[in-house]
Every structure is written in C-alpha cells, then in structure tokens.
Amino acid sequence: MLAWTIYISFLGVVVLMLLPQGDARAARIVAMLTACLGFVFALGGALQAKLGEIRTVTQVSWIPSLGIEYHLAADGISLTLVLLTGLAALAGILFSWNIEHRAKEFFAFYLALIGGVYGVFLSFDLFLLFVFYEIAIIPKYFIIAIWGSTQREYGAMKLALYSFAGSAMVLIGLIAAFVVAGGKTMSLLELSQFPFPHSFQMWAFPMVFVGFAILAGLWPFHTWAPTGHVAAPTAASMLLAGVVMKLGAYGCLRVAMSLFPQGMDAWGFRVLGFGSWRDVFSVLAAIGIVYGATVALVQKDFKFVIGYSSVSHMGFVLLGLMTLDQFGLSGAVLQMFSHGIIAGLLFAVVGRMVYDRTHTRDLDALQKMNLNKLLPFAAVSFTLAGVASMGLPGFSGFVAELQVLIGAWHAFPTLAVIAGLGILVGVAYTLRALQMAFFPETPAPPPPEHTPKLEPISLPERLGTVLLLGTALLIGLFPGLLLDLIVPSFKSSLFEGLRKVSGL
Amino acid sequence: MNALPLLTILTFLPLIGGLLIVGLGPEQKQLARKTALAFSFGALAVALVLWALFRPSQGGLQFEEQYGWIPRLAVRYHVGLDGLGLLMVGLTGIVVPMALLASWKIEERAHLYFALVLFLQAGLFGTFTALNFFHWFLFWELSLIPAFFLIRLWGGPLRASAATQFFVYTMVGSVAMLLAFLAIFLATHEFDFIKLAEMGRDGSLISALSDQLGWRDLTTRRLALLIFAGAFLGFAVKVPLIPFHTWLPFAYAEAPTGTTMLLTGLMSKMGVYGFLRVLLPIFPSEMRWLMTPLLWLAVITIIFSACAAFAQKDLKRMLAYSSINHLGYCLLGVFAVMSSSTMAASPLTEKSAALNGVFLQMFNHGLTAATLFWFVGFLEERGGGVRGLNEFGGLRKVAPVFCGLMGIALFSSLGLPGLNGFIGEFLIFKGAFPLATWATAFSVLGLLVTAIFILTILQRVFNGPLNDKWSKLPDLTVTERAMVLPALALMFALGVYPQAVLGTINSTVAQMVQYLKF
Amino acid sequence: MSYLELLKLAAPETILVVTALVVLAADLLTLRDLELRMRFLIGAMISCVGCAAAIAWMLALPQHADFAEGMLVINPLTQLIKVALLVLTIFTLLISIETDFTPHAGEYLALILLAAIGMLFLVSSEDILMLFISLELTSLSLYILTAFNKRNAQSAEAALKYFLFGGMSAAFTLFGLSLLYGLSGSTNLTQIAAAVQGPKLDPMLLLAIVLTVIGFGFKVAAAPFHLWAPDAYQGAPAPSAAFIASGSKVASFFIFAKVVMLGFKGAEGSGAWHACVPGWVPVVALVAAASMVLGNLAAIVQTSVRRLLAYSAIAHAGYMLLAVMSHNGQGLSSLVYYSVTYGLTTLGAFGVVSIVQQRTGGDRLSDFAGLSRQAPVLSFCMMIFMLSLAGIPPLAGFFGKFYVFASAISSGGLGLLWLVILALAMSAVSLYYYLQVLKQIYVAQPPANLPVVEAPLLSQVMLALLALGVVVLGCAPALLLGKLDTAIRLAGL
C-alpha cells in the first residue's frame, strides 16, 4: 500500500500530461485527487505499522550483476516523513489553486517531485534511494524557473547545482562503500552491518554527511536556501522548506550515520578545539541556528525572513542528530515533521495570502497597508504559525525542540545554551515580521475609495491552513502519536552500529 | 478525588467561552460582551464551588487528576489544588469579571478583546493548577500570547514597543527556565513537581544533577546553582525583581485599563506563585545558599520601587511601581522563610506567619491593585486620556463618591488597619523580622515611602484647588458604583475578618513549612 | 578456410556493401526525377532494409570464429556491438531523411553505409593491420560525410580540420602500431602482448603505448586531441555529426579497450593517487582527467547547441576512458553500456537539433526558446536526452556513469578515487549547461517572430523511440547487461 504513494504520484503526472492544454481546472482536480490518494495511502501505511519493525513493502532484484534491488520498506521514521510529505503535498496544492499560467505542467512537475520524495523515504536500497533523490532535483528547477518570482532563473540554477553537487559527494561515498563491501549489494540493512575499516569511515562519513547536509541547509552550505525559497512560487517554497530540506537530514541519518557511525569517533588529535567530525557538525549546526535567526531579524523582504528561519530550524534538526542521544535523535525527527508543517504554513501565508494579493513582500510597504484589517484570516494564521515556529508549547515545535535541547544538554551543554539563544532571537524576528506585516504601529489612513479591495481568502486557502495548523496543534498536544513511531525505530537492526558508537 | 474533574472544567470553561466569542464575529459586540461576562461568572462559580468543597484541615493536594499523556517524556496531565492554588484560582475568578466590566466600553474589535481575556483566564487557571512541568509551562507560555495582543492592539501610543518588550523579556526568562528544567529532566527523568520536590527535599536532586551532567568539572554546588539560576530567572522576570523589572511600568502604562488590571492583579502573581510552587520546594538548598543575596534583592526591590513610584508623574506608572513594591514584600517573606536563624523563638511559627502573610498579600494586592487601576481608568476615560498626577486637583468637590471610593482603595494599598492590605504586610513583617532582621528593618523604609506617595496622590488629585478644567467632571454613575462595590466590600470584609481566608490556607502553609524545615 | 566460409563470416559487411551499391545505383538510375525528400526516403528505406538484413543474419546465425589470427573475430560480444552499431546507423539514416543540405542523396547514404562497414570491420579485428585499415575506411568516409554540405563554408572548414587532424593522428597510430610489430614480430594483439610482457617496462613499449593512445584519443575526441571536434560537430551536416558522435564513438572505444586489454596486457601500471606505476593506465588517466575538465568547462560558455554537444562529447569521452582504465570484464561491460546508451542519446539530441536548425536556420540557444509550447513531444524527448547526458536517474546516462565509476574503483582500488571525484565534480558542473538548454526550451518565452517549428511525424516517432530506449535502458539496465555480461564471458575477457 505504501508503494502506491509513489506510483500514484507518477500516474498523476502521466494523466496530467494527457490533459488538454489550458484546462487549469481539470489539472487542479487531478492533482488534488492524486495528492489526496497519496496521503490516504500514507496514512493507511502508518496505521498498519507495527512499532519498531521495518516492514518491507516491495523487494525485487533489479540489476543482479551489481546486487542492486528495488527494495521499498518503511520503519517508523520513514512513516513519519511519508506522512509529512502527504500533508505538505496536499496543502501545497490547496494553496496553488489559483495558478492559471501553464497549470497542467506546474502540477505535473509538482507531482513528479512528490513521487520522488516519497521514493526517497521508502527506499531501503541505497542505489534506489539515490535514484529517487536525484529525480527530485529536476522538477524543482523547472517549478522555480518557470513559475517563480524574484530572480527565479538564478535561484533555480543555484538550487539545482548545489543539490547536484551535494548528491555528487554522496555518490562518491556510496560507490566507495559499495566497492569496499565487495560490490555485491547496495542494501541499506546489509551495508549498515558491514564492518567498514575505521580509516575508511573517517573520510566517508563527512563526505556523505556534508553531501546530504548541503540539502538540509547546514551552515555554511545553506546559501542556496534563502535565494531558492524566495524565488520559488508558494507551493514550491512550502515543499522545498517543508519536505525537500528534510530529504537531506533524512539522508544524513539514514545513510551517513547508519553506515559509517565510527566516522563520528574522536580523531585522536584536536584542531581549533574540535576533536571529531561530531564536534564540527554540531558546532556548525548551532551556528546555523543563531546565524539563521539573526539574519532573519534584519531582512526587509518578508519571504527572506521565513527563508532564513528555515535555515535556523534545520539547525535544530542537525544538532539533534549529532547529540547521539535518544531524546536528541527522536527530537530531530520530530522537528523534521514539525518544521515541515509550520514552515509550509508560514510560506503559504506570506506567498499566497499576502504576496498574491498585495504584490509586494517588502515589510516597509506592507506596514503601510494595515493588513490585519484587510486580511484578518491571514493575520490570525500568521500569528498562530509564528508562535508555533517560536516553539510555543501546545504546538509540535515545542516538543521537538524540547527533546533536541535535552539531547544537547547531554552531549554539548554550551551548545544547548546557544540554541536557547537562538530560540530567543527566533522570538524576536517572528515578532518583528508579525508586527511589521500585519500590525503596524500607526494604523495607515484608510485607502482612497477607488483602490480595489483585496480579494478575500478563498476556501482552498482556509482548508489548507486548517489542515496544517490542526496537524501542528494535534502533534503538539499529543506528540505520542508520532513519537510512538519514531522512538522504537532506533532500536532496529539498522541502527546497530550507531547504537554501539553512541551508547544509546 | 471528586467524581467531576472540576479543575479541568475550570480551566477549559473560559477556553470554550473564548472560542465561542471568536466565532460570533465582529458584529455582535454586545452579545460578545455578555457572553464573556457570563463565562467569567461561570468560572467564578466553579471557583466558589471549589472553595466550598475544599477541606481546610487537610494539608495536601485536593481535587487531584492524573492522566498519562506523553509517557516517553514523563509528562502527565497532573492537576491539583492546595490552599495556595485555591487562593489564586479564587483571585482569578474575582479579578477577571472586574477586568471585563472595566473594558465594557471597548468598541473596536470588541469580540476579539473579550475572547483574548477569556483565553488569558484559561491560561491562568491552567498555570495555577498544573503539577507537571510540561503542561505548566504550556499554560505559562500560552498566557503570554493573549496578554501581548491585548497590549498591542488596544493600548496607548507606545503600545508596540511596550508589548514587544513585555513579550521578549518574559520569553528570555521562560527560555532560561526551560533550559534549567530540561537539564533536570535529563538528570532525573522527571517532570512532576511533586516528585521533584521530594527529590529536592532529600537532596537526591542535587546528587542526580552532578551524577548525570558532569560538565567541565563544575563542582556539585556550582552546577546546582547554575540550574537554579535558570529557573530563577524565569520567575524573577515575571514578579518582577529588580533589575529585571524595566518592562513592567512601560507595559502597565500602555495597556488598556482592563488589561492592566489583569496584568497587575493576576499575571504578576504567577511569578510569586512560581517561587512558592516550584523554586522553594525543588531548590531549597540552593535558595538557602543564596539566601542573603536574595533577601537583599528583595529589599532593594521594595525600596527602589517605592522611591521610583514617588518620582513618577503618571498615575498609572506610580501604581505600576507600587505593584512591584507590594510584591517585593511577598518575596521578602518567601526568602525569609529559608532562614535557619536561631534568633526566632520558635522558627516554625515565624515561618508560618511569614508564609501566611505572603499568601494573603498575594490575594489582597491582586484585589486592591486591580481596583485601583480600575479607578484610574475611570479618571482617564472621563479626562480624555489624561492621567498625570498634577493634572488634576480638588476632584473631591465635583466627584465626591469617586474620591471616597478610590480613597478606600488607596488606603488599602497603603496598609491601613481595618482594610485588607494591612494583614498581609503585618504578618510578613512579623514573621520575617526574627528570621531576617536587617532585611526586614530596611524594608520598613519601603512602607514609609509608600505611605508618602499614596498620600501625595490623595492630596494632589482629590484635595487642593479645583482645576477649572475638571469642574464638569461627572461622578460615578450608579452602574459604576454597583460594579466597584463588591470589590470594596471584600476589602473591608477581609480587613476585618481575615480568618475567612487564613483558615483555609493555614494547613497548606503549615505543611509547606514542615517540608522546608532544616 | 574457403572463400565461402569467409563470406559467411563477413556476411553482414557484405550485405551492407551490396546495399550501398544498390542505393547508389537506384538513386542514379531511377530516382533522379523525384523530389529530394522522396529520394532520401526511398534510399534510406533501402539502406535500413540492408542494415536490418545484416542484423537478422547475425542474430539468426551466431558464430564463433577467428579468421587469420585475429583479422576477423566473430564472437557473441562483437555480434552485440555490431548490432548496436547497425541500430545507430539505422537511426542516422532516418535522421537524414528530412535534411535538404545536399542534392546527392544516394552518395550520401552510401557513404554512411561505407562508414558503418568500416566500423563493423573495426569491431571484429584483433590484428593491428586490419585495425588500421578499418580505421581508415571509417575515417575517410566520415571526412567526406563532414564536407558534404557544399553550400556551407563551415562544413568544408570542419571537414578539412577533421581530415588534417585525422591524417596526422593516423600517422601517430601507424607509428605506434609499427613499433609494436617491431617489438613483438606479430600483428595479432594477443601475440604482441605475450611477446612484450616482461618484468620491466620497455621504454619502446611505453612510446608505443603513448603513440597509440594519441591516435585513439583523437578518434574518440579526448583532450588534448579534441581540437577537431567542436568544428566538426558544428559544421558538419546533422546526420554526419550524429553519426560521428554515436557510431564512431562506440566502435572506437570498443577497439581501444580491446587494444589496451589484449595488446598491452601486463603493462597496465597503476593510476592510483599515491602509487603511480608507469603503464598505459596512468597515461589514459591523464587523458581522461584532461577531457573531463576541459570538455565540461568549455561547454559552459557555448552559445551554439552543437558546439555545446561537442564539448560535452569530449567530457563524456573522458568518462568512458575511465571505463577503459578498469581493464576487466566488468569495465568492458560498463564501457559498452555507456557508449551504446550515449550513442542513442546523442543521436536523439542531434535529431532534435537538426529539426530546429532546419526550421529556424540556426542552432543557437536562443533558437530553442519556447520550444516546449510549439513542439511538446520534441521538447520532452530533448529533456530526456539532456538529462541522461547530465546523469540524472532513472535515465541510462546515470546508470552508465554509476557503473563506470563503480567498476573503475573496483578494479583500480580506492587509489583511483581522485579520478572518480573529479568526474563527479565535473558531472555536477555539466548539469549547468544541460539545464541552460532545457531552460530555453521550457522556461524562456518564444520571441514573437520566430518561425514555428513543426516536427514531421516520422522524426517525432523516431525521437520518441530513442527517448523510450534511453528511459527503458535506464530503468531496467539488466536487459542489456545480462546479454552483455554473458557475451563478455564467452569472449574470454
């Protein structure tokens, strides 16, 4: 059933390509149905899950001479992220309901991207995982280049090249691992059990980790993210920040940390105070948290604020991964889910609700518009999304950040305090954006009579908002729903090497 | 445990009310107002029921409810009420309707205003009944949002920076507190206040901290103090203690009247409540080690705020600093209790007296300060936004009822015997003096300065030559008189018969003191 | 062995010769009065029939033979390569149907067939003399094919450059081969290897290796012997360029691999980063590195799509040389897979370029603007081809690269990792210029006065078939790999 999330997405692409040019309405409906079905399959798969086990969905031999299999499977972590994809996809389509220009191509690229993402989360063969990972790059390029806004061609190319460079690094590591392990299999489970030589792991780990972390927005390789997010159309930003960045973090956990856990051991010597790759990446993650938040604080463009906030939040994910602590790791996965939902909502408000109507994202210009009167729904949505993003208890971000901080206390106490600082700067930039965009200090004089009123918030937008906010609230109040999936997954055989290294 | 989950009902009642009002939409202002008032009276009713059902002789928690919530993180839905909680819940039940009545005339987006007040009330109820850090913190933070918007959207000219400062300041404290408690969780895998209090009492908390968190060769004591500092910061900002107070006068001055009543009457009590519920039971040793600096912080708070109040020219700011001053007495009492001085004849009695005084002071100040701000609100509204100390004069001639009633409230704030303000302060000083003599002695200065500035208000605003501008100032209408009368009656009642409250809280106090004996 | 036996062995080639003559005759005698397109159509049909017949013969009568010690070697592997070459030839012929650059249809088609014959013989030879003859047959035919557009000065210039370079490199090759003969006393590759093998590397052998590599390097357009390629790809008529890019590459690489694997066996050396041992492997490694870097970097700045494809061909030659470096069965398998799929992809790309060039008159990037809205099928096929060249899964180009890199490391050890890292880095760079093409097609707005591009049905079908092939071979490489691995095993490599 879970494999159908992938197939239905690509089937949707084919159906869309066959639709007549110019019929935007049909394209939307097909896309929506496909996304709904995908989410239903994902939910079904999640409900059927038995805790702690890795359930194989499909396993067939693909290229026997190289031992490559078409192996789809899911454990709790995969299920969490598949659910995220389903939700984000559905919300994205709801918020793209107004696309008219070349609509069917838009939705075709969109569904292709979703299909690729589902594939990455469900692959348990490294070759297959890489195939899906790369499949996701090209639709991104086109969506941004054709339907984007500010500097779209530059932003799209930068994103594509950065992603491709990152995946090139990953491929080097994968090929090396494949060959060193005898060239007989690319199965994730088998390779995670293989005793790679210590010296090999010492360079393979950072190579693969950085390759994936580029996509996850690790500082200082994050510069594609703000440019790309701002250039992208709303639905693409929602997917990019919400799901695609998580692909990188997922890869870090699933591939780099599972296959080469000894790469995180101490080097035996210290350079600038760092004694292992773990030290390096955790500090980079912490820098990312604070840097992203601080830069967000001074932005003039509303969308850039959210773009940099994504970099900051992903820093939490990467910090959580590096803590190698049961709370930190499960917090990292939960943060992947939570940030995906919340960032999606933030981009939706900024892009669809505000920019599509006011045609400006400049905070100074918005300040003159008194938007809380004109778009009260948007004001309330952004307020709630903003406080969720701040990490207010009651929303999913709080539980996730809480766990990451516990893990950080365990592993890197100083970094925990720095992360706390990052949360505070987060409060500051969210408040600033909220106030400048929606609640100006001096209310503007009412606009002259003949100014066209802003169009009201449509039903699909409301539905999308309710969907995303509801999920954030649900998981915030009952995080056990997802934690029950996530935490037992760390006990599976896949993470055995990781457990040995970290004493989990 | 009662059959009905009263505390849950109490907390969720205003929440539901708020959601209903939001759903009503912006047109139905009058309906919104009436619904809000109805719900707040409903909450008051539940509070009274709780009061009636409370068994004063029993010292521990009553109306306890416990459900599992997030087992992996040791988070349980654990609520309960003892004397302290009951007092706070009662105070909330009383002050919120007052605040709603004071805000009756708000027109712009009225429905949102009233909904936000109810959300705030739910947050307060949640904070005062929660016994597990996770959901206590949830309500603690959740109460910030309505307060922020209440100041931001309906406040005075400088409301943007006031609201932002208020929010960010409190958040800094909250984040520090969060970090501290997460460290505690890492060491003990516990979030429950009761269990943590046990661990604090028998010293196992400190040893757990040093066992589990061996950081960079910090000594056990330093580590415990570091964690304590984090938690302390969270509450110190809320009370507030000097030097973390700078957000308060600004926020109180800019907020609309009803909101200021809530801020001073209830939200400031969250801070002191936190000291009593969280810091004192869980970190007794750390507080003992730091007793002297903490006492002096309290003294500085008392004296400085009183002097600052005296120096203000804006009535609202004067009362704001006066709030800080009155809460300073509460903290004096709290810190004095930590003492193990043998100067006292029977330390337990003194400590009980001090703590009783603290509880009473919290309740009384909440009532009195809220009423005072209400009166200033009347003045501001009639005067067209004017509330400077020197702008008025001789109002007694034109609005005698108003002056009379406000005078009562002012005297209560001063601590005149016969009114409710006296008893609390008296008990605190009586209990603290033997325990922390010098500190208490210096704090008397605060009393003196308070008396001076309150009398100054009386003189400048009520007496003196009548400013011609105000010759047409209308007096309190009948409705308004009816609205403030219950509060004033309560002030008298408690002043004359404090046993009504003392009887209920005494056993809780006794148990607390027992736990804290050294 | 009797002449009849020889005829049976060389039947495919013979069929093609006959076909070429028939096409010439038919065009000369009967088709003169028809319009050009008809002449091309009929001529191409006859040629395709001939090629198909040759394929059918090979599939129906598989043989194992070794005529005259390596002059003509028939085994399942060479049959497979020949089938692939003939398929590429068929597609080239189909591309040429819609062209109008020359009135000499018959001659053109016959020359294509002659070049194909040369390639077929090339693939079957394990004797250096036969090798040289076939190489010359192919090259000479290709020179003329390049010059065929008499109305375009660029075509003549390209052909002249190609010819001069080719002539010089033929000289190098001959010199190298003759050195080998001198060292070993035999013209058969296996015997040469046996004779020159020794504990120490003979400096003469090293010289022979270098010269041979130069010669072959020219043929496959590897840097620094690539200078003819951009002009040839740009100036030659589209089908010729397509054929040079596809068929010639496949044949040349295969024979290059055979020469180094059979002929220089024992003199491999090592190209490892820290343990370089003289031999042919380090030489090839240097050439490969130079090709990858130069090809990719130069392609970035191109504005003509054909030149872009030329430089990308240089880069891909670099990748394929990596496969040559892993001198074992797996390496050969990866080389064949890569070159065949590369051939299909390039053919397709040139097919699209040819159609666009005919309608708009140029092959600049701007001539492709907005193509996706005018010719969606064409654009989609071009997307497949470009992405396959970039190495995006699930297309054949990705698996080809993966297989090549994996076999390089697997045979050369982690010491060769530096080359793989370089290859992947350059591959990442290449995405930029392939996306530039796609950007024009999908993203850019068409200028108002651009003539509408209508693709004829036959071309669309052909390109769709090629694209389908690329996708299928990418998603299910086992289809080709299975046969390939068996063939290599049976060939004893």
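Residues take numbers from 1 onward in each chain, read along the sequence in its written order. Lettering for chains starts from A, numbering for ligands starts from 1, and both go in the order in which the items are written. For this predicted model, a pLDDT threshold of at least 70 governs which residues receive local features, and a threshold of 80 or more governs which side-chain atom pairs are given and counted, while totals over whole chains, interfaces and linings are taken from all residues.

Here we come to the overall build of chain A. Strands are runs of DSSP state E lasting at least two residues, helices are runs of H or I lasting at least four, and both sets are numbered from the N terminus onward. Scanning chain A for helices and strands turns up 22 helices and 4 strands. Here the radius of gyration uses the C-alpha set of atoms, whereas the globule reference equals 2.2 Å times the residue count to the power 0.38. For 504 residues, the compact-globule estimate of 2.2 N^0.38 gives 23 Å, and the C-alpha radius of gyration of chain A, at 22 Å, lies within 12% of that figure. For every residue, the other C-beta atoms within 10 Å of its own C-beta are counted; 20 or more classify it as buried, 12 or fewer as exposed, and values in between as partly exposed. C-beta atoms are placed from the backbone. Split into buried and exposed, the 504 residues of chain A put 66% on the buried side. Throughout, a pair of residues is in contact if the C-beta atoms placed from their backbones lie within 7 Å. When contacts within chain A are restricted to residue pairs at least 6 apart in sequence, those whose partners lie at least 24 apart make up 81%.

Looking only at helices and strands, one finds 20 helices and 4 strands in chain C. Once the C-alpha set of chain C is aligned to its principal axes, its extents read approximately 70 × 55 × 40 Å. Of all 493 residues assigned to chain C, the portion counted as buried reaches 62%. For chain C, contacts bridging at least 24 residues in sequence account for 78% of all contacts bridging at least 6.

What follows deals with the interface of chain A and chain B. On the side of chain B, 22 residues touch chain A, which itself brings 25 residues to the contact. Elements supplying a minimum of two residues to the side of chain A that touches chain B: α18 (396–411), α19 (413–438) and α21 (480–489) of chain A. Here the side of chain A that touches chain B takes 10 residues from α19(A), the largest share from any one element. The residue classification treats Ala, Val, Leu, Ile, Met, Phe, Trp, Tyr, Cys and Pro as nonpolar and Asp, Glu, Lys and Arg as charged. All others, Gly included, are polar. Split into classes, the residues belonging to the side of chain A that touches chain B amount to 19 nonpolar, 5 polar and 1 charged.

All names here are of chain A. Among the secondary structure elements, G251 is positioned in helix α11 (residues 234–259). Looking at G251, the number of C-beta atoms within 10 Å reads 25, which means it is buried. Sequence separation between G251 and L405 is 154 residues, and the spatial gap between their C-alpha atoms is 22 Å. Excluding its chain neighbours within four sequence positions, the residues that come into contact with G251 are V170, F212 and A256.

If you look at the interface, chain A gives 26 residues, while chain C gives 27 residues. For the side of chain A that touches chain C, the elements supplying multiple residues, two or more each, are β1 (55–63), α5 (126–135), α6 (137–147) and α7 (152–180) of chain A. At 13 residues, the largest contribution of residues to the side of chain A that touches chain C is made by α7(A). Classifying every residue of the side of chain A that touches chain C by side-chain character gives 22 nonpolar, 2 polar and 2 charged.

What follows deals with the environment of C252(A). Inspection of the secondary structure puts C252(A) in helix α11. Leave out the neighbours within four places in its chain, and C252(A) touches F209(A), F212(A), A213(A), A216(A), M257(A) and L321(A).

Here we come to the confidence of the model for chain C. All names here are of chain C. The pLDDT value expresses, per residue, how confident the predictor is, ranging between 0 and 100. Looking at chain C, the pLDDT average stands at 88 and 98% of residues meet or exceed 70. Mean pLDDT across the secondary structure elements of chain C bottoms out at strand β3 (residues 270–271), with 69, and peaks at helix α13 (residues 305–325), with 93. Here the predicted complex scores 0.89 on pTM and 0.88 on ipTM.

The span one expects for a helix is its residue count, reduced by one, times 1.5 Å. Here helix α10 (residues 220–238) of chain B is 19 residues long and its end C-alpha atoms lie 28 Å apart, about the 27 Å a rise of 1.5 Å per residue gives. Two axes enter the definition of the bend at a residue: one is fitted to the seven residues ending there, the other to the seven starting there, and the bend is the angle between them. Of all the bends in α10(B), the greatest, near 25 degrees, is centred on F232(B).

For the rest of this paragraph, the subject is unusual backbone geometry. Going from I242(B) to P243(B), the amide bond is cis rather than trans, its omega being 0 degrees. Note on placement: P243(B) falls in the loop between α10 and α11 (247–254). With a phi close to 60 degrees, H359(A) is a non-glycine residue in the positive phi region. Topologically, H359(A) is positioned in the loop between α14 (326–358) and α15 (363–367).

Further remarks concern the pairing of strand β2 (residues 68–74) of chain A. Across a regular strand the side chains alternate sides, sitting on one face of the sheet and then on the other. Residue and element names in this part refer to chain A. Burial analysis of β2 places 6 of its 7 residues in the buried class, which makes it a mostly covered element. For two strands to pair, DSSP has to find at least two bridges joining them. Bridge analysis of β1 against β2 gives 7 bridges, and the strand direction is antiparallel. Paired with T58 across the strands is L72, a residue of β2. Hairpin remark: β1 followed by β2, antiparallel, with 4 residues in the connecting loop; positive phi at G67, about 70 degrees.

Right, let's get into the nonpolar core. In terms of nonpolar packing, the biggest core is built from 630 residues, with L318(A) and L322(C) touching the most fellow members. The element best represented in this core is helix α7 (residues 159–188) of chain B, accounting for 19 residues. Dropping the residues within four chain positions of it, L318(A) is found in contact with A213(A), A216(A), L218(A), A249(A), F281(A) and A285(A). Think of a nonpolar core as buried Ala, Val, Leu, Ile, Met, Phe, Trp, Tyr and Cys residues chained together by C-beta atoms that fall within 7 Å.

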